[in-house]
Each structure stands twice: as C-alpha cells, then as structure tokens.
Amino acid sequence: MGDGTTVPCAGPGTPYQPAFGKQSSPTCGHTYTRTSATAPGGRYPVTATNTWDIQWEGAGQSGTLTVTRTSSTSLAIGELQVVGAG
C-alpha cells in the first residue's frame, strides 16, 4: 500500500456502497494513517497482485493453471481526518 502495509485478501472484497459510510471494509481494505507528503514524489506506490488457480477439463483432458497478474500505480494522500465514534 506504499506505507509499509501489505493487505492480503482471500476473495474479491466488498464493493463500497454509500450506506457503509466510513466503516472499515468487512473483507479487504486499508486505511491510511499518514499522508504521503514524506514519500518519494509525495505519492505512495501501490501494487495489486491477483492469482487465479484454474482447473480445466475438456476433450478427454484436464489440467491446472496458475495465472498471476500485477498492476501498479501511485496515489497521493494529502489530508487525513479523525472521525470520532462517540
């Protein structure tokens, strides 16, 4: 996540819905606790990797494949707000 945090996810996560408000993701999410101001270029480098384990069969044959895809970007976290739960 660029701030030293790794977030392992066992599934696709939960799509955000406005009704969730500022709750943490129930399945796969990350909350930044520092701005990216001190990171190189003022941005956090973020990399997402997904791995697909595929089992197939057809024409009297079968097999397994593992496919891994990685995508990277960077993002600026310029402001953090403390939200009280009280």
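Just above sits the structure.
Residues numbered from 1 in each chain as written. Predicted model: local features only at pLDDT ≥ 70, side-chain atom pairs only at ≥ 80, totals over all residues. Heavy atoms only, no water.

Visitor: Explanation requested: the side chain of S36 in the structure shown.
Guide: Among the secondary structure elements, S36 is positioned in the segment before β1 (44-58). A distance of 2.7 Å separates the side chain of S36 from the backbone oxygen of G42, its partner in a polar contact. If sequence neighbours within four positions are ignored, S36 has contacts with G42, R43, Y44, L75, A76 and I77. (Helix = DSSP H or I, 4+ residues; strand = E, 2+ residues; numbered from the N terminus. Polar contact = N/O pair within 3.5 Å; in protein donor to acceptor, adjacent residues only side chain to side chain. Contact = heavy atoms within 4.5 Å.)

Visitor: Mind showing me how you'd approach the pairing of strand β2 (residues 61-75) here?
Guide: The side chains of a regular strand alternate between the sheet's two faces. In terms of residue burial, β2 counts as a barely covered element, since only zero of its 15 residues are buried. Both β1 and β2 contribute to a ladder of 15 bridges, which runs antiparallel. Residue pairing across strands places P45 opposite S74, the latter belonging to β2. Hairpin geometry of β1 and β2 is characterised by an intervening segment of two residues between the two adjacent antiparallel strands and by a positive phi of about 55 degrees at A59. (Buried < 20%, exposed > 50% of the residue type's maximum accessible area, 1.4 Å probe, protein only. Pairing = 2+ DSSP bridges.)

Visitor: Where do I start with the environment of T49 in this structure?
Guide: Counting through the fold element by element, T49 comes out in strand β1. Each C-alpha atom of the pair T49 and T70 lies 4.3 Å from the other, and the pair is 21 residues apart in sequence. When residues no more than four places from it in sequence are discounted, the contact partners of T49 are T68, R69 and T70. In this structure the side chain of T49 is engaged in a polar contact, spanning 3.3 Å, whose partner is the side chain of T70.

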